[in-house]
Amino acid sequence: MDRLEAYKSIAAQASRGELSFPTNVDATLKLQRALNDPDCHADTAARLVQAEPLLAARTVAIANSVAYNRSGNEVTNVRTAVQRVGFRTLNALGAAVIVRQLDSKITEPSLRAKANQLWQHSAHVAALSQVIARRVANLDPETAMFAGIVHEVGGFYMLSRADEFPGLFEGEPDDWIEHGEQIIGRCVLQRLGVPAPVMAAIEALWVGMRALPPETLGDTLLLANDLAPVPSPLYERAAATSRQAAATIDFVIGDGTLNSILEESAAEVSSLTSALI
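Residues numbered from 1 in each chain as written. Predicted model: local features only at pLDDT ≥ 70, side-chain atom pairs only at ≥ 80, totals over all residues. Heavy atoms only, no water.

A look at the nonpolar core
Okay, step 1: Counting 98 residues, the largest nonpolar core has Ile149, Leu168, Phe169 and Leu227 as the members making the most contacts within it.
Okay, step 2: Sort the elements by how many residues they give to this core and helix α7 (residues 109–137) lands first, with 13 residues.
Okay, step 3: Among all residues touching Ile149, those that are not within four sequence positions of it are Ala92, Ala95, Ala96, Val99, Trp119, Ser122, Ala126 and Leu276. (Core = buried A, V, L, I, M, F, W, Y, C linked by side-chain atoms within 4.5 Å. Buried < 20%, exposed > 50% of the residue type's maximum accessible area, 1.4 Å probe, protein only. Helix = DSSP H or I, 4+ residues; strand = E, 2+ residues; numbered from the N terminus. Contact = heavy atoms within 4.5 Å.)

Structure follows, in C-alpha cells:
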C-alpha cells in the first residue's frame, strides 16, 4: 500500500468512527466528562484528578506557573491546585493527557522523535495562545490554551498509526494536508468532543487566513503557531509564516506592541510551556 492509499484507508476508517485509541484514552475521556459536569464539586474533581497521576502532576505544575500563581504562594496538593486553576483549565489539561496517551505506544526512534517535537511545538502554541488571547485579543485564555493543546491531535493520531504504514510521512505534503490533517484530524477532534468554536479555530489554522491584530480564536491560534520557537515536525501548511518572518511580526496594541507584550509575558509563556511539557 502506497502513502496516498494509506492516508485514504485511515481517513475512511476515521470517517466511519473506527479510531484506534489506546485503552487509557477512553478512561481519560470519562474523567473529562465527569469534570465537565456542572454539578461536579471541587472536592470530587480533586479526587478524580488524583486518580490520574499524569493529570495530577500537570495540574499542580500549572497551578504553580507564573500565569496562575501571581501571589508567589506555591501549592503542593491537588485540591488546592484544582481550586486555583479552575475547571476550564482542568479540561485543557485533560486534553493534554489524552494527546500524550495517543503517542504512548510509539516506539520507533524516528517516530518517537517526531512525537516529542510535535508535543513541544503544541505546548509552545498552547502557552502563546493563552497569553495572546488574554493580553492581545481579549478572548478566553483557557479556551485558547485548550485549542493550542489539541490543534495537532490529528498528527499525533497519525504518528500512532505510522508503524502500520511504512513511509507514511515521506513524500509531498499535499497528501497529508488533504487526506490526513483535515479529514483525519477533524474525526479525531470530534471523537474527543472538542467544542465547535475550537474546531472552527483549528480549521482556520488549516486554511491559513488570519487578521492582525488577532480578532478571533482562529487568528490567535494562527499567530501562536507562527510564533512558536519549536516548529511542527510534520508538513508545514502552505500559508505558514516562515520562522524568519515570524520574528518580525509586530503591531500596536493599546499603549504597547505585540513584541513588548510578549517580552513582558516571557516568564508566563516559559512557565506554562514547561508545566505542559
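Quick word on unusual backbone geometry
Okay, step 1: The residue after Leu212, namely Pro213, is reached through a cis peptide bond having omega -5°.
Okay, step 2: Not every positive phi belongs to a glycine, and Asn138 is a case in point at roughly 55°.
Okay, step 3: Of note, Asn138 is situated in the loop between α7 and α8 (141–150).

Focus: empty space enclosed by the protein
Okay, step 1: Taken as a whole, this structure holds three cavities of 30 Å³ or more when the rule is applied.
Okay, step 2: Each pocket or cavity is described by its volume, and for the second largest cavity that value is around 60 Å³.
Okay, step 3: Lining the second largest cavity, in full, are Val150, His151, Glu152, Val153, Gly154, Gly155, Trp176, Glu181, Gly185, Leu189 and Trp206.
Okay, step 4: Where the lining of the second largest cavity is concerned, the elements lending two or more residues are α9 (153–161) and α10 (173–191).
Okay, step 5: Sort the elements by how many residues they give to the lining of the second largest cavity and α10 lands first, with four residues.
Okay, step 6: Tallied by class, the residues present in the lining of the second largest cavity amount to five nonpolar, four polar and two charged. (1 Å grid on protein atoms, 1.4 Å probe; cavity = no way out; pocket = protein on both sides within 12 Å on 5 of 7 lines; lining within 4 Å. Points joined across faces, edges and corners; volume = space filled by probe spheres on them. Nonpolar A, V, L, I, M, F, W, Y, C, P; charged D, E, K, R; others polar.)

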